[in-house]
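Next come the chains, spelled out residue by residue.
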Amino acid sequence: MTLFLLDARTATFHFPGIGRYVASLVPALTTQLEAGESLLLAVGSEGLPPALAASQAPAVPVRASPFSLAQQWQLPRLLRHLTAEEGPLLYHSAYYLMPYRPGVPTVLTFYDLIPLLYPESVSRRARLLFQLTTRLALHAADHVLAISEASRRDLLTRFKVAPERVTTAPLAAAARFSPQPAAALDAVRAKYDLRTPFLLYVGINKPHKNLVTLVEAFVRARRGAWRLVIAGAWDPRYPQARTAAAELAPGDAVRFLGPIDEDDLPALYAAAEAFVFPSRYEGFGLPVLEAMACGAAVACSNVSSLPEIAGEAALLFPPEDQEAMAQTLARLMDDAALRTRLREKSLVRAA
């Protein structure tokens, strides 16, 4: 028997991005198992997270959270026990806060370097801890999965890791992200009061997401009754985009929807006239791929991983150039034929 233990303690609301990655990885890995192989999930003391409720993989409880020093001895003890009882084991950590002497072959998934590249997003203490714990995780792992070529390049540039130890394993949109029936589009428009044509952004409001520039560019480019709809988790530490909208945008030209029910996201992507993603940096940029899979016309930044993800299927713009962004938004609003061509390209690219 060969065991694969995936650390699923991050499949919670506290880790929105990583949690989605883990929740999507579990059913995909299950289909890849061969005879004599088994997938186990390390979960917190509260049991299987809701995101993994449908999983058939056996769960192994770990009392210590990823933030607890106790995991440094609890998890290695568990790994040794499983190896002694069941045979060879591979441990997969989806987070850099992990046991740094696991005692078994280990794979680590690496996402991005936002705390180092955008230091204003975290405290100095958090930056130092990120740098230290990432070094420890990279030293502990036998192999590293980077979620994009851009992320892999960043990792190799900032840390001393042998290139052959890092493999790019791109993310994928979940199967539910696909073109939606007209009834679903009507329902999501009614639910969120989206009566007029709108451009859509989905994501959090952290500084590197560049939402202030997006709001300013949209105000400059706006045509008629078009709206900009900003959806996703909201961090109250960064109110600047709301402030800019209140000062610059008339009425409800810019709408902030806040967190969106996961079940509504495919129809929301598909209902938008176009999806816009102005981020200054992304380890991958999953919303771009999700929007494309739903058949949305896409415009996004031309930096980090985003050109790699979008290819030639999207309009690209420099995120720091407000004028270029405004011109791109104006093109999208003015040219219905362009939006149709981009939708067609999106579906091909996502596939």
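None of the values given here were measured: they were computed from a predicted structure.

1. Notes on the overall build of the chain
Next, step 1: When helices and strands are counted, the chain shows 13 helices and 13 strands.
Next, step 2: At 21 Å, the chain has a C-alpha radius of gyration in line with the 20 Å of a compact globule built from 351 residues.
Next, step 3: Its C-alpha atoms give the chain principal-axis dimensions of about 70 × 45 × 35 Å.
Next, step 4: Residue burial in the chain is summarised as follows: out of 351 residues, 52% are buried.
Next, step 5: For the chain, contacts bridging at least 24 residues in sequence account for 66% of all contacts bridging at least 6.
Next, step 6: Here the chain has roughly 16000 Å² of accessible surface; of this, 56% comes from carbon and sulfur atoms.
Next, step 7: Between the mean site of the 35 positive side-chain charges and the mean site of the 33 negative ones, the chain shows a separation of 5 Å.

2. As for the packing of aromatic side chains
Next, step 1: Per the counting criterion, the structure on display carries 12 aromatic pairs.
Next, step 2: Pairing Y201 with F277 gives two aromatic rings, centres 5.7 Å apart and planes at 20 degrees, and the pair type is stacked. Remark: F277 occurs in strand β11 (residues 274-277) and Y201 occurs in strand β8 (residues 198-202); sequence separation between them is 76 residues.
Next, step 3: Y201 gets classed as buried once you look at its relative accessible area, which sits at 0%.
Next, step 4: Clustering of aromatic rings is evident, with ring pairs tying together F15, F67, Y95, Y96 and F130.
Next, step 5: The cationic tip of R242 hangs over the ring face of W234; the distance from NZ or CZ to the ring centre is 4.4 Å.

3. Points about the packing of helix α7 (residues 211-221) against helix α8 (residues 240-248)
Next, step 1: Where α7 meets α8, the closest approach of the two axes is 8 Å, and the angle between their N-to-C directions is 20 degrees. Classified by the angle between their axes, α7 and α8 sit roughly parallel to one another. With respect to the hand of their crossing, α7 and α8 are arranged in right-handed fashion. Between α7 and α8, the residues in contact are L211, V212, V215, E216 and V219 and Q240, A241, A244, A245 and L248, respectively.

4. Digging into the nonpolar core
Next, step 1: Ranked by internal contacts, the top residues of the largest apolar core, which has 123 residues, are L200, F275 and V288.
Next, step 2: Discounting chain neighbours no more than four positions away, the residues touching F275 are L200, Y201, V202, Y269, P287, V288, A291, A296, A297, V298 and A299.

5. Re the pattern of salt bridges
Next, step 1: Summed over the entire model, instances satisfying the criterion amount to 15 salt bridges.
Next, step 2: The salt bridge involving R195 is made with D193; its shortest N-O contact spans 1.9 Å.
Next, step 3: When its relative accessible area of 31% is taken as the criterion, D193 is described as partly exposed.
Next, step 4: A salt bridge links D235 to R237, with the nearest nitrogen and oxygen atoms 2.7 Å apart.
Next, step 5: Taking the relative accessible area as the measure of exposure, D235 reaches 11% and is therefore buried.

6. Quick look at helix α1 (residues 16-32)
Next, step 1: With 17 residues, α1 extends 25 Å from end C-alpha to end C-alpha; this agrees with the ideal 24 Å at 1.5 Å per step.
Next, step 2: Lining the buried residues of α1 we find β1 (2-7), β2 (37-43), β4 (89-93), β5 (106-110) and β6 (143-146).

7. Details of the pairing of β8
Next, step 1: By the criterion of burial, β8 is predominantly enclosed, with five of the five residues buried.
Next, step 2: Neither face of β8 is left uncovered, since the one carrying F198, L200 and V202 and the one carrying L199 and Y201 both have all their residues buried.
Next, step 3: Examined bridge by bridge, β8 and strand β9 (residues 227-231) share five bridges and lie parallel to one another. Looking across to β9, one finds that L199 is bridged to L228.
Next, step 4: Bridge analysis of β8 against β11 gives two bridges, and the strand direction is parallel. Bridge pairing in β11 links L199 to A274.

Basis of the calculations
- Within every chain, residues take consecutive numbers counted from 1 along the sequence as written.
- Only residues with pLDDT of 70 or above have their local features reported here, since the model is predicted, and side-chain atom pairs are shown and tallied only from 80 upward, although totals for entire chains, interfaces and linings are computed over all residues.
- To obtain the side-chain values, all non-hydrogen atoms of the structure were included, while hydrogens and water were left out.
- Under the DSSP-based scheme used, a helix requires at least four consecutive residues in state H or I and a strand at least two consecutive residues in state E, with every element numbered from the N terminus.
- Our radius of gyration looks at C-alpha atoms and nothing else; its globule reference is 2.2 Å times the residue count to the power 0.38.
- Three exposure classes are used, based on accessible area relative to the maximum for each residue type with a 1.4 Å probe and protein chains only: buried under 20%, partly exposed in between, and exposed over 50%.
- Residue contacts are defined here by distance: any two heavy atoms, one from each residue, within 4.5 Å place the two residues in contact.
- Accessible surface area values rest on a Shrake-Rupley calculation with a 1.4 Å probe, where residue burial reflects the displayed protein chains alone.
- Within this scheme the basic residues Lys and Arg register as positive and the acidic residues Asp and Glu register as negative, but His and the chain ends are omitted.
- Every charge is mapped onto a representative atom, which is NZ of Lys, CZ of Arg, CG of Asp or CD of Glu.
- Centres within 6.5 Å make a pair out of two Phe, Tyr or Trp rings, where for Trp the six-membered ring is used; the pair is then stacked when the planes are under 30 degrees apart, edge-to-face when over 60, and tilted otherwise.
- Any Lys NZ or Arg CZ that is within 6 Å of a ring centre and within 35 degrees of that ring's normal is treated as a charge sitting over the ring.
- A fitted line through C-alpha atoms represents every axis, and for helices the fit uses only the stretch in contact; the resulting angles, taken between N-to-C directions, go from 0 to 180 degrees.
- The cut-offs work like this: below 35 degrees is roughly parallel, past 145 is roughly antiparallel, 65 to 115 is roughly perpendicular, and the gaps in between are oblique.
- The crossing is said to be left-handed when, going from far helix to near helix, the turn is anticlockwise and less than a right angle, and right-handed when the turn is clockwise.
- Grouping buried Ala, Val, Leu, Ile, Met, Phe, Trp, Tyr and Cys residues that are joined through side-chain atoms within 4.5 Å yields what is termed a nonpolar core.
- The working definition used for a salt bridge is a side-chain nitrogen of Lys or Arg within 4 Å of a carboxyl oxygen of Asp or Glu.
- Multiplying 1.5 Å by the helix residue count minus one yields the expected span of that helix.
- By definition, two strands form a pair when at least two bridges between them are found by DSSP.

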